[in-house]
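Here are the chains, one letter per residue:
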Protein chains: 2
Amino acid sequence: MTETDLLASARNADVRALARVLTHIENRTPEGRDLFSVLFSESGRAWITGVTGAPGTGKSTLVSELIPRLVGAGRLAVVAVDPSSPFSGGAILGDRIRMGSLAGDDRVYIRSLANRGALGGISETTPPIVSALDGLGFDEVIVETVGVGQSEVEVATTTDTTVVVVSPGWGDAIQVSKAGFLEIADVLVVNKADRQGADAAVRDLEAMVAMGPDTGWTPPVVVTTATDGTGVDALVAAIEQHRVYLSESGERVRRRRLAAARQLAAAVRLEAEAAGDTPDLDDLVAKVTKRQLDPWSAAAALLGKN
Amino acid sequence: MTETDLLASARNADVRALARVLTHIENRTPEGRDLFSVLFSESGRAWITGVTGAPGTGKSTLVSELIPRLVGAGRLAVVAVDPSSPFSGGAILGDRIRMGSLAGDDRVYIRSLANRGALGGISETTPPIVSALDGLGFDEVIVETVGVGQSEVEVATTTDTTVVVVSPGWGDAIQVSKAGFLEIADVLVVNKADRQGADAAVRDLEAMVAMGPDTGWTPPVVVTTATDGTGVDALVAAIEQHRVYLSESGERVRRRRLAAARQLAAAVRLEAEAAGDTPDLDDLVAKVTKRQLDPWSAAAALLGKN
């Protein structure tokens with residue numbers, strides 16, 4: 001099958017063609033580079049929603065509740081970079097059954113990414129996959145990541161709206177991740193609202209939000225019980241309000257520039273690590289390795305600065 | 001004070017001069033760039049040990065036990081990038097007292113790094129600080145990071161030996177972090193060996209190690225009770241065995257090349273994000289933002305590939 005035929009099939013919701021396109025891109029094969037180049041040029045239309053949270057917060061169940069509400073009249077893709085996610089095959093029984101109800105819906109496509117592929121971590125592999133799905137015509141992309149850490153911060157730079165999910169009793173994790181936490185959350189969710197401690201979690205989060213920087217957007221704290229769908233409509237409303245904010249404030253453009261810068265730098269990094277077919281770069285890396293040149297000066301030389 | 005005087009004072013264990021040098025480098029001020037350039041050229045001599053583990057595993061106590069054993073006849077620096085570490089001021093009382101015993105020892109210097117600085121995350125700020133301490137003549141540098149996640153993987157690429165600390169009952173975390181876990185551990189520690197479940201944790205880890213790739217080095221599993229020093233000598237012996245392996249196998253050179261590549265790429269990334277004084281790069285980022293060029297092709301253009 002030619003690349004053109006493959007792309008046509010993938011656009012036509014042929015699941016096998018879709019999987020082949022994404023695998024080529026994930027592995028950066030020569031075909032993958034061509035396909036990515038075409039798809040990237042057609043991307044920029046989809047709304048990208050990140051959903052992140054520690055294991056056990058019920059974010060996968062929440063995602064499964066978001067899917068039918070966000071898909072609307074269009075097409076929706078889920079990119080699961082959480083190895084414990086039911087979307088990645090790590091399901092508990094209840095989740096599997098829930099996911100099963102989506103199986104026959106060809107408006108919904110689910111792609112699982114390994115936490116650590118052959119070529120870089122999720123911060124290198126996720127953004128191109130998301131852009132490819134965007135270029136393939138998906139109107140909505142949900143990116144599910146586990147934990148709140150630097151990799152989530154990375155992934156958050158490729159999403160429009162980042163939803164951070166916590167569950168009651170998550171206090172320790174708040175302590176640990178405080179530093180990067182508010183920075184990435186556009187919408188906060190206290191899930192498992194039927195459990196003890198939910199009110200305290202909401203108060204904690206609202207207090208943290210109040211102490212955060214004034215950026216023109218105050219992350220709302222939404223209370224949900226994903227297992228029975230309670231509060232999910234309010235979450236969708238919060239996501240949509242954030243989209244309006246992104247568009248009207250110009251923040252979407254700023255974020256997309258940052259995402260572009262980071263994707264470019266990630267590609268430079270893969271080339272620098274690989275060595276072999278970028279002589280100028282390889283020479284600079286060799287000089288840094290031998291301490292003949294420091295990394296900052298090497299970058300300046302590479303970029304024609306100085 | 002001139003940069004030369006500042007450096008001379010810092011080399012002379014003047015704590016205020018040391019702090020000023022590192023702050024300049026952390027903030028990438030013009031002085032910081034000069035200082036880093038000098039110090040990087042003189043780096044490459046220190047042994048760098050990373051200590052990482054989830055909160056509550058007692059790794060800070062373990063670090064405080066490692067300090068007197070590793071400092072030997074030389075000088076030792078601790079870089080704490082864990083916001084909950086007592087080295088970063090997040091101490092519980094017992095830890096503070098323990099740290100206090102080091103306060104009068106001018107062979108030991110402790111530097112705390114914010115989890116997320118103004119300029120990038122810990123994966124951008126930690127390596128230059130470590131190289132600077134190396135260039136300043138510290139013989140040993142211990143880098144303490146929290147959690148096991150992508151940022152730890154990043155930091156691990158700048159250390160010679162990575163010690164991953166777990167405590168009994170850590171089962172869930174193993175599940176979650178399996179993907180990146182064995183990849184970074186050169187030495188595994190089950191701390192709090194007096195607690196229930198220690199034997200099971202050792203068995204789990206040994207089983208995981210046995211399933212890992214055959215790389216010429218099998219991470220040993222060391223059992224410690226840091227609060228009374230039990231097992232810490234065995235840990236030091238394991239670290240030293242790993243150093244012998246690094247030197248004899250050529251792995252140290254390979255790791256240092258990778259670290260050089262990543263530091264160079266991190267510098268490119270900061271320039272790409274900042275925009276302003278690298279016109280060629282800024283132009284490429286603008287094209288990627290407008291979807292006129294995909295990030296991989298932009299990187300290839302920047303690197304003179306194609």
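This is a predicted model, so every value here is computed, not measured.

What counts and what doesn't
Residues numbered from 1 in each chain as written. Chains lettered and ligands numbered in written order. Predicted model: local features only at pLDDT ≥ 70, side-chain atom pairs only at ≥ 80, totals over all residues. Helix = DSSP H or I, 4+ residues; strand = E, 2+ residues; numbered from the N terminus. Contact = placed C-beta atoms within 7 Å. Pairing = 2+ DSSP bridges. Axes fitted to C-alpha atoms, helices over the stretch in contact; angles between N-to-C directions. Domains from an automatic or database assignment. Nonpolar A, V, L, I, M, F, W, Y, C, P; charged D, E, K, R; others polar. Parallel < 35°, antiparallel > 145°, perpendicular 65-115°, else oblique. Left-handed = near helix turned anticlockwise from the far one by under 90°. Core = buried A, V, L, I, M, F, W, Y, C linked by C-beta atoms within 7 Å. Buried ≥ 20, exposed ≤ 12 C-beta atoms within 10 Å, placed from the backbone. Expected span 1.5 Å × (residues − 1).

**Q** Which parts of the structure should I look at to understand the overall build of chain A?
**A** The helix and strand tally for chain A stands at 13 helices and seven strands. Within chain A, contacts between residues separated by at least 24 positions form 72% of all contacts whose residues are at least 6 apart in sequence.

**Q** What is the right way to read the sheet that holds strand β6 (residues 187–190) of chain B from this model?
**A** In any sheet, the strands associate via hydrogen bonds between backbone groups, in a parallel or an antiparallel arrangement. Residue and element names in this part refer to chain B. Strand order across the open sheet formed by seven strands is β3-β2-β4-β1-β5-β6-β7, with parallel pairing between neighbours. Single-partner strands in this sheet number two, and they are β3 (108–112) and β7 (221–223). Each neighbouring strand pair of the sheet contributes to a mean axis angle of 20 degrees, computed without reference to strand direction. Direction of pairing for strand β1 (residues 47–53) relative to strand β5 (residues 161–166): parallel, over a ladder of five bridges.

**Q** Looking at this model, I keep getting lost on the domain arrangement of chain A. Mind explaining?
**A** Reports of interface size often rely on the accessible area that becomes lost once the parts have come together. All names here are of chain A. You can read the domains of chain A as domain 1 (1–41), domain 2 (43–259) and domain 3 (260–302). The partner domain 3 presents six residues to the 10 residues of domain 2 that form the contact. Elements represented by at least two residues in the side of domain 2 that touches domain 3 include exactly α6 (122–135) and α11 (251–274). It is α11 that contributes the most residues to the side of domain 2 that touches domain 3, four residues altogether. Of the residues that constitute the side of domain 2 that touches domain 3, the class distribution is four nonpolar, three polar and three charged.

**Q** Is there a simple way to think about unusual backbone geometry in this case?
**A** Trans peptide bonds make up the majority, and among non-glycine residues the majority have a negative phi. The backbone of Ala13 of chain A sits at a positive phi, close to 65 degrees, despite the residue not being glycine. Along the chain, the position of Ala13 of chain A falls in the loop between α1 (3–11) and α2 (15–26). Look at Arg28 of chain B: it is not a glycine, yet its phi comes out positive at around 50 degrees. Tracing the backbone through its elements, the reader meets Arg28 of chain B in the loop between α2 (15–26) and α3 (30–41).

**Q** What should I look at first to understand the environment of Thr49 of chain A in this one?
**A** All names here are of chain A. Here Thr49 lies in strand β1 (residues 47–53). As for Thr49 and Val141, which are separated by 92 residues in sequence, their C-alpha atoms are 6.2 Å apart. Discounting residues that sit within four places of it in the chain, Thr49 has contacts with Ile142, Thr159, Asp160, Thr161, Val163 and Ile239.

**Q** Sorry, what's going on with the packing of helix α4 (residues 59–71) of chain A against helix α10 (residues 232–249) of chain A here?
**A** Axis angle and axis distance: for two packed helices, these are the angle between their axes and the distance between the axes, and together they describe the pair. All names here are of chain A. Close contact between α4 and α10 brings their axes to 10 Å; oriented N to C, the two are set at 55 degrees. Accordingly, the angle class assigned to the pair α4 and α10 is oblique. Two packed elements cross with a definite hand, and for α4 against α10 that hand is right-handed. The residues of α10 that touch α4, namely those facing Glu65, Leu66, Arg69 and Leu70, are Val232, Asp233 and Val236. Residue classes in the contact of α4 with α10 are distributed as four nonpolar, no polar and three charged.

**Q** What is the right way to look at the sheet that holds strand β6 (residues 187–190) of chain A in this model?
**A** Residue and element names in this part refer to chain A. The seven strands are arranged β3-β2-β4-β1-β5-β6-β7 in an open sheet whose pairing can be described as parallel. Across the chains shown, the open sheet's two edge strands, defined by having one partner strand only, are β3 (108–112) and β7 (221–223). When the angles between neighbouring strand axes are averaged without regard to direction, this sheet yields 20 degrees. The sheet contact formed by β1 and strand β4 (residues 140–146) spans seven bridges and is parallel. Looking across to β4, one finds that Thr52 is bridged to Thr145. In the packing of helix α9 (residues 198–211) onto the sheet, contacts are made with β5 (161–166), β6 and β7, and the angle to β7 comes to roughly 165 degrees.

**Q** Please clarify how the nonpolar core should be interpreted in this entry.
**A** Generally speaking, nonpolar side chains in soluble globular proteins are found buried as a group. Leu264 of chain A together with Leu264 of chain B are the most contacted members of the largest nonpolar core, which totals 158 residues. Apart from the residues lying within four places of it in its own chain, the contact partners of Leu264 of chain A are Ala272, Leu284, Val285, Val288, Pro295, Ala298 and Ala299 of chain B.

**Q** I tried to follow α4 of chain A on my own but got confused; where do I start?
**A** Counting along an α-helix, one turn takes 3.6 residues, and residues three or four places apart therefore face a common direction. All names here are of chain A. Here α4 is 13 residues long and its end C-alpha atoms lie 18 Å apart, about the 18 Å a rise of 1.5 Å per residue gives. Counting buried positions over the 13 residues of α4 gives 10, a clear majority of the element. Where α4 is concerned, the buried positions are Lys59, Ser60, Thr61, Leu62, Val63, Ser64, Glu65, Leu66, Ile67 and Leu70. Trailing α4 by a residue or two, Gly72 shows a phi angle of about 50 degrees, which is positive.

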